[in-house]
Amino acid sequence: VGQNSTSFNFGNKVLSSLQSDDRVKLSQGSFDSGKTGVDNGTYYAAITFPANFSEVLILRNAGQSINAPVTIYIDGTNPTIEATVLAALQSSLQNTFGSGGVVLNEQFAFGGIQFSSLDVSIPAVISLVLTQTVLLISLIVIVRETTSGVLSRLYATPLSAFERLLGYSIALLLLGMGMTGIVLFIGLGIFGAVVQGSFALLFLGAVLYASLNIFLAVFLSNFAGNELQAVQMVPLITLTSMALSGMLIPVDSFPDWVQTVARFVPMYYANRVFEGIMLKGYGIGNLAQQFTILSGIAALFFVLAVMTVKDKMAD
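Scope of this entry: the structure provided in the associated data block. Every value quoted in this text rests on a predicted model; they were computed, and no experiment measured them. Residue numbers run consecutively from 1 along every chain, following the written order of its sequence. Where local features are concerned, this predicted model is filtered to residues with pLDDT of at least 70; where side-chain atom pairs are given and counted, the filter is 80 or more; whole-chain, interface and lining totals use all residues. Neither water nor hydrogens contribute to the side-chain values; these are computed over all heavy atoms in the structure.

## Considering the overall build of the protein
We count a stretch as a helix when DSSP gives it H or I for four or more residues in a row; a strand needs E for two or more, and each element gets its number in order from the N terminus. Assigned secondary structure in the protein consists of 12 helices and three strands. Only protein chains enter the accessibility calculation, which uses a 1.4 Å probe. A residue is then buried if its area is under 20% of the maximum for its type, exposed if over 50%, and partly exposed in between. The 315 residues of the protein split such that 42% are buried. Only heavy atoms matter for contacts: two residues are in contact if any of them lie within 4.5 Å across the pair. Within the protein, contacts between residues at least 6 apart in sequence are counted, and of these 74% link residues at least 24 apart. Using a 1.4 Å probe, accessible areas were evaluated by the Shrake-Rupley method; residue-level cover was limited to the displayed protein chains. Accessible surface, the protein as shown: approximately 16100 Å² in total, 60% of it carbon and sulfur.

## Remarks on helix 7 (residues 161-190)
The first and last C-alpha atoms of helix 7 sit 42 Å apart over 30 residues, in line with the 44 Å expected at 1.5 Å per residue. What helix 7 keeps buried is the set Ala161, Arg164, Leu165, Tyr168, Ser169, Leu172, Gly176, Met179, Thr180, Val183, Leu184 and Gly187. Once helix 7 ends, the next one or two residues include Gly192, with phi positive near 65°. Expected helix span is taken as 1.5 Å per residue step, with the number of steps being one fewer than the number of residues.

## Quick word on the nonpolar core
Ranked by internal contacts, the top residues of the largest apolar core, which has 66 residues, are Ile126, Leu130, Leu139, Leu165, Tyr209 and Phe274. Looking at this core, the element that brings in the most residues is helix 8 (residues 199-221), giving 14 residues. Leave out the neighbours within four places in its chain, and Phe274 touches Pro123, Ile126, Ser127, Leu130, Leu202, Gly205, Ala206, Tyr209 and Leu279. We call a set of buried Ala, Val, Leu, Ile, Met, Phe, Trp, Tyr and Cys residues a nonpolar core when their side-chain atoms join them within 4.5 Å. Core analysis: the next-biggest nonpolar cluster, separate from the first, contains 13 residues, Val24, Val70, Ile72 and Ile81 among them.

## Considering the sheet that holds strand 2 (residues 70-74)
In space, the three strands of this open sheet follow the order 1-2-3, with mixed pairing throughout. Here the strands that pair on one side only, and so sit at the sheet edges, are strand 1 (45-48) and strand 3 (104-108). Ignoring strand direction, the axes of neighbouring strands in this sheet form an average angle of 15°. Pairing of strand 2 with strand 3 involves five bridges; the strand directions are parallel. When DSSP finds at least two bridges between two strands, those strands are taken to pair. Every axis corresponds to a line fitted to the C-alpha atoms, with the helix fit spanning only the stretch in contact, and the corresponding angles, defined between N-to-C directions, vary from 0 to 180 degrees.

Pasting the structure below:
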């Protein structure tokens, strides 16, 4: 009013503070489109300020009992990222309003569930167990065929390399399906893991990932001279997968070149399949890309196994 009037826009001040925070990256748009982005995995959170945000805050500071809640719609399936986003928002609010604080209305995506640490860890644990157990058992079984002399007798049969490896793969796939069932039973039946999506799709994804590790074992068995060498390969693959798949540290927090390398790790996609089905309730439409990539990697490992075993037979 008059020449001494002052204009306040606290929402823009909070926004500017968030934009200068290296912990988060902002994209402006409508709150509804932001919520859709959270639901489909594009964003981790959507934040909205009430239309009369600045006015209500001024009236509240003047003594009136009025709240102006800041609403955040957040993906709670990754506690580390959730905590980072909330910390960045709280810091921006505190930088703008001091210690007085602002009411924060926190809404969780994917059914409004605030997942426990056990819920969010089990999908990655399933990936890890399938990687380690299926790969280890498959490698030992195939290499033992070589050291026991069974493979040398198979060389005398009219079976081609493709037919022989296909036979190994089918037998190990049946074994892998059994191990997949046991792993899922332990995670769901004993630990009570949440499964918001289709159990059938979850089992299909687990079998696909088990198949990938079987084909990888068939490929690696062509380079293992004995069981000890085969066993030594497993920790190298397992530890690398744990480090780069996002199981220990969110991939988005890695440097850009490390994120690129992580995209070549099969467990990276397995984690997203299991997490998507179990925690987010995703269907095949949301996970088509991950299923396609895992299928392609599995096919690649089998082709490499056939190509490398031909050289071995020629020796």
